[in-house]
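Spelled out from the first residue to the last, the chains are:
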Amino acid sequence: MSSVLVIVESPAKSKKIQQILGSDYVVKASVGHMRDLPQRELGVDKHTLQPTYEISPDKKAVVSDLRRLAKQCRKSILATDPDREGEAIAWHLKEALNLPADVERVSYQEITASAIQRAFANAGKIDMNLVAAQESRRVLDRLIGYLVSPALSQRAGLNLSAGRVQSVAVRMVVDREREIESFVPKAYQSVSLSLPDYTLKAPLDLKPFVKEGERLWGADDARPFIGPQKASLGRLTEKATSVAPRPPFTTVTMQSTAGKLYGMSAKDVMDAAQKLFEQGAITYHRTDNPNLSEDGIAKVQAYLKGQGLPIAGTVAKNKMKDGAQEAHEAIRPTDIALEKAGQTDSEQQVYALIRERALLSVMPAGVDNVTKMTFVSERSVPNLEGKPVNPTYSCSGRMIDSMGWRAYVKIEPLSAEDKPLPKLTKGTVFSGMVAAKQEFTKPPGRFNEQSLIRALEAAGIGRPSTYAAIMENVKGRKYIVPEQGGKAKSPSFRPGKHGYYIVDALRQFKFMGYRYTKGVEGALDNVAAGQMGYLNVVRPVLRELESDIAHRLTGELLVLSAACPGCKQVVIQKTSTRRQSNVYWRHLDLAHEEQCIKYLDDNNGQPALPAPEQTADCPHCQKPVVRRSGRDHSHFWVHKDKSHTTPCGHKYLDDRNGAPALKPKPATEPCAECGATLKRIYSRKTSKHSWVHDGIDNPKCGKRFVDDANGRPANAVATA
């Protein structure tokens, strides 16, 4: 028992870490989560709010293998991802494998030899505050999904899904679409001063003349400003302005940029980044922090110096967004000297973006000389208070003094051009012309995947690690529909039919509010910091959900409905590919089926009671059998009680003139080549007979199946 068991999340990561740690360690993968809430029930006690976990069906073999290894090795170390999700997986591993309460937990931001060795030299314990935060999020999502979704589906008459973040994301798209639909273009006057002797145009400073957000709407509003007039250059400033490098990537900015440049979905980007992380090519890719660590900066600077490239004297510190959770450093290559990494085109594109951003972020800022001019008209125009004031017109230009980091941009396009202004002297009076041009207001643009994710992040809704899954979910359910077209590589979003319905049906629910959802995220942050307990977050949400479901759920049936011809209760039309007729009817309230009939037939768009069930006694075991219809409108019989099938030995019985009959025994004949028994069978798929060796998978003749030749095995006919 000299080995140490190390458990990570993915097989690819386990191979890389195994190479680093060596033969004294056994590195195995849990393949993500191995325990979760039950699949077919709420899994949360409504009174105690205690969640119940079970091992996922597809992970039982993995758990069994890890338990065996944990017993064989002298100790176990949990090395899952360095975020809340990874912390929760570590805790579930501890529970599922019966590991000690003080089991070691290591955390690392990159899969390199130095980072892994440093992490294992500084092993810690599971952070139960992070586990509680993740458990709170999981339970909240489960409560909404398993309480709201059934109520919503019952109201609509078809299966619909609600989610704590996904429904709010759909609401954003619906609200934006309705804003576009209700938008009416409004004409306004754009007023500018031109100096005929110079190529210069300066827009009017509107502030003294209109309220905030307003414009000069009519021609009469613009008339006092228009015409030839003298204007003096009242203010002239020239200033050197620094142009800071673009920051290194956070999760969201990486998704946004790759989507904009390459049309990649958020899921595509995250899949590529996950592979790069597992290959040891980049640091951890789920982060809110737009800054490199001191160690990361030093590595990039050393590389640039070695290449004879400039570095900044002081690296700019980028501001983190409010409520940032995964605050480890921005994404960067683990080896900045590596120019290419990744096994697929997507991985290579994402890596190149990450590398360029990291390199540029520590290079010198650009410097532009910015000139600003303000002209004062000789005219006098009443301001908002009715007092006469002289209108001012302002413009600016810039000349590049130093390109700085901009000289090294290769992937992300950047406009860096001189925009000169004429050389003028302050105080000089010029002959100018003020003119107005009619323009029209424009509606807001539709969201695409990148802009919707940025809007969610700006509103404090959801987290970087969840956005890709949310986008796939709402697109997959067609609650929002991507529309190709236009210049952008990423399609714009429109609401789907059911997207509108969900937003309208749930609009009055508290969890659908933008501020409310942001507040829940803040509460989860407090749980992670140990400042709030699990129950203090979950219990109020449960109470609100129950109240909202009882009093605030709206919406009409989305399917055809009618009165049941048997019990007069509401039944709804459904479709299925399993039934002989793919259209049938079922009670809206399933409780009514107990006193009536579960499935009703469809008769020209109306519910109809099915024909009385035909029963008889099985000709072999005398137990009750029932007559059924096949897809081809033929009939057959099956045991009414399925438990009678095995003892009888006859699963399906033939139908002969409306009565059950045992299927005839198949013809048999010795194989002409090996002598074993062949049995004649019929395939519905091919509509042909053939012969098969009865009970023998590998016959001596090497032919399990033999073709049929007029009712006899083909090899027997050939031999004859």
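Description of the structure in this document.

About the criteria used
Residues numbered from 1 in each chain as written. Predicted model: local features only at pLDDT ≥ 70, side-chain atom pairs only at ≥ 80, totals over all residues. Heavy atoms only, no water. Helix = DSSP H or I, 4+ residues; strand = E, 2+ residues; numbered from the N terminus. Rg over C-alpha atoms; globule rule 2.2 N^0.38 Å. Buried < 20%, exposed > 50% of the residue type's maximum accessible area, 1.4 Å probe, protein only. Contact = heavy atoms within 4.5 Å. Areas by Shrake-Rupley, 256 points an atom, 1.4 Å probe, with all protein chains shown as cover. Lys, Arg positive; Asp, Glu negative; His and termini not counted. Charge placed at Lys NZ, Arg CZ, Asp CG, Glu CD. Expected span 1.5 Å × (residues − 1). Polar contact = N/O pair within 3.5 Å; in protein donor to acceptor, adjacent residues only side chain to side chain. Core = buried A, V, L, I, M, F, W, Y, C linked by side-chain atoms within 4.5 Å. Pairing = 2+ DSSP bridges. Axes fitted to C-alpha atoms, helices over the stretch in contact; angles between N-to-C directions. Left-handed = near helix turned anticlockwise from the far one by under 90°. Nonpolar A, V, L, I, M, F, W, Y, C, P; charged D, E, K, R; others polar. Salt bridge = Lys/Arg side-chain N within 4 Å of Asp/Glu carboxyl O. Parallel < 35°, antiparallel > 145°, perpendicular 65-115°, else oblique. Phe/Tyr/Trp six-rings, centres within 6.5 Å; stacked < 30°, edge-to-face > 60°.

Right, let's get into the overall build of the chain. Helices and strands together make up the secondary structure of the chain, namely 18 helices and 31 strands. A compact globule built from 720 residues should have a C-alpha radius of gyration of about 27 Å, whereas the chain, at 36 Å, is more than 25% larger. C-alpha atoms of the chain, sized along the principal axes, occupy 115 × 70 × 65 Å. Taking all 720 residues of the chain together, 43% fall into the buried category. In the chain, of all internal contacts separated by at least 6 residues, the share reaching a separation of at least 24 is 65%. Working note: accessible area of the chain is about 37,900 Å², and carbon and sulfur atoms make up 49% of it. Positive and negative charge centroids in the chain, built from 103 and 80 side chains respectively, lie 1 Å apart.

Turning to helix H15 (residues 514–528), a few remarks are in order. Spacing of three or four residues puts side chains on the same side of an α-helix, whose turn is 3.6 residues. Here H15 contains 15 residues, and its C-alpha end-to-end distance of 22 Å stays within 8% of the 21 Å for a straight helix at 1.5 Å per residue. Where H15 is concerned, the buried positions are Thr517, Val520, Glu521, Ala523, Leu524, Asp525, Val527 and Ala528. In this fold, the buried residues of H15 make contact with helix H3 (84–96), helix H5 (128–156), helix H6 (166–181) and helix H16 (534–551). Note on H15: the residue one or two positions beyond its end, Gly530, has a positive phi of about 75 degrees.

Our next topic: the side chain of Glu669. Relative to the helices and strands, Glu669 is located in strand S27 (residues 668–670). Side-chain polar atoms of Glu669 contact the side chain of Arg712, separated by 2.4 Å. Setting aside residues no more than four positions away along its own chain, Glu669 makes contact with Ala676, Thr677, Leu678, Trp691, Arg712, Pro713 and Ala716.

For the rest of this paragraph, the subject is the nonpolar core. Val6, Tyr108, Leu152, Met254, Ile282, Leu452 and Leu506 are the most contacted members of the largest nonpolar core, which totals 94 residues. Once residues lying within four places of it in the same chain are set aside, the contact partners of Met254 are Phe249, Val269, Met270, Ala273, His285, Ile331, Val350 and Ile354.

Turning our attention to the pairing of strand S23 (residues 624–629). On a regular strand, each side chain points to the face opposite its neighbour's, so the side chains alternate between the two faces of the sheet. Pairing analysis gives three bridges linking strand S22 (residues 615–617) to S23, with the strands arranged antiparallel. For Asp617, the partnering residue across the bridge sits in S23 and is Pro624. Counted between consecutive antiparallel strands, the loop separating S22 from S23 contains six residues, among which Gln622 sits at a positive phi close to 65 degrees. By the bridge criterion, five bridges tie S23 to strand S24 (residues 635–639) in an arrangement that is antiparallel. Bridge assignment links Val625 to a residue of S24, and that residue is His639.

It is worth spelling out the packing of helix H8 (residues 251–262) against helix H9 (residues 266–278) at this point. Running from N to C, H8 and H9 cross one another at 115 degrees; their axes reach a closest spacing of 9 Å. Regarding H8 and H9, the two cross each other, and that crossing is right-handed. Contact residues: Thr251, Met254, Gln255 and Ala258 in H8; Ala266, Val269, Met270 and Ala273 in H9. In terms of residue class, the contact of H8 with H9 is built from six nonpolar, two polar and no charged.

Another point: the side chain of Ser14. Checked against the element boundaries, Ser14 lands in helix H1 (residues 11–21). Taking the relative accessible area as the measure of exposure, Ser14 reaches 9% and is therefore buried. A polar side-chain atom of Ser14 sits 2.5 Å from the main-chain carbonyl oxygen of Pro11. Contacts of Ser14, omitting those with residues within four sequence positions, involve Val8, Val27, Lys28 and Ala29.

Among the structural elements, Val63 can be located in helix H2 (residues 60–72). Residue classification places Val63 among the buried positions, given a relative accessible area of 1%. Taking the C-alpha atoms as reference, Val63 lies 49 Å from Lys305; in sequence the two are 242 residues apart. With sequence-adjacent residues up to four places away left out, Val63 is seen in contact with Met34, Ile55, Ala96 and Leu97.

Scanning the entire structure with this criterion turns up 41 salt bridges. The salt bridge partner of Lys94 is Glu95, with a shortest N-O separation of 2.6 Å. Overall, Glu95 belongs to the partly exposed group, its relative accessible area being 32%. Ionic pairing is found between Arg627 and Asp655, a salt bridge with its closest N-O pair at 2.8 Å. You can see Arg627 sitting in strand S23 and its partner Asp655 sitting in strand S25 (residues 653–656), a full 28 residues away along the chain. Residue classification places Asp655 among the partly exposed residues on the basis of a relative accessible area of 22%. Three or more residues are tied together by salt bridges with common partners; here these are Glu110, Asp295, Lys299, Glu329 and Arg332.

Relative orientation of the contacting elements helix H10 (residues 294–306) and helix H11 (residues 345–361) amounts to 85 degrees, with a least axis distance of 9 Å. Here H10 lies roughly perpendicular to H11, going by the angle between them. Contacts from Val300, Tyr303 and Leu304 in H10 reach Arg355, Ala358 and Leu359 in H11. Among the residues forming the contact of H10 with H11, the class breakdown is five nonpolar, no polar and one charged.

This paragraph deals with the packing of aromatic side chains. Applying the stated criterion across every chain, the model contains 10 aromatic pairs. Consider the rings of Tyr53 and Trp91, whose centres lie 6.1 Å apart with planes at 75 degrees: the pair is edge-to-face. A residue pair is termed long-range when its members are at least 10 positions apart, and Tyr53 in the loop between strand S3 (35–36) and strand S4 (54–55) and Trp91 in helix H3 qualify at 38 residues. Its relative accessible area of 18% is what places Tyr53 among the buried residues. For Trp91, a relative accessible area of 15% gives the class buried. For the pair Phe509 and Phe511, a centre-to-centre distance of 6.1 Å together with 90 degrees between the ring planes defines the contact as edge-to-face.

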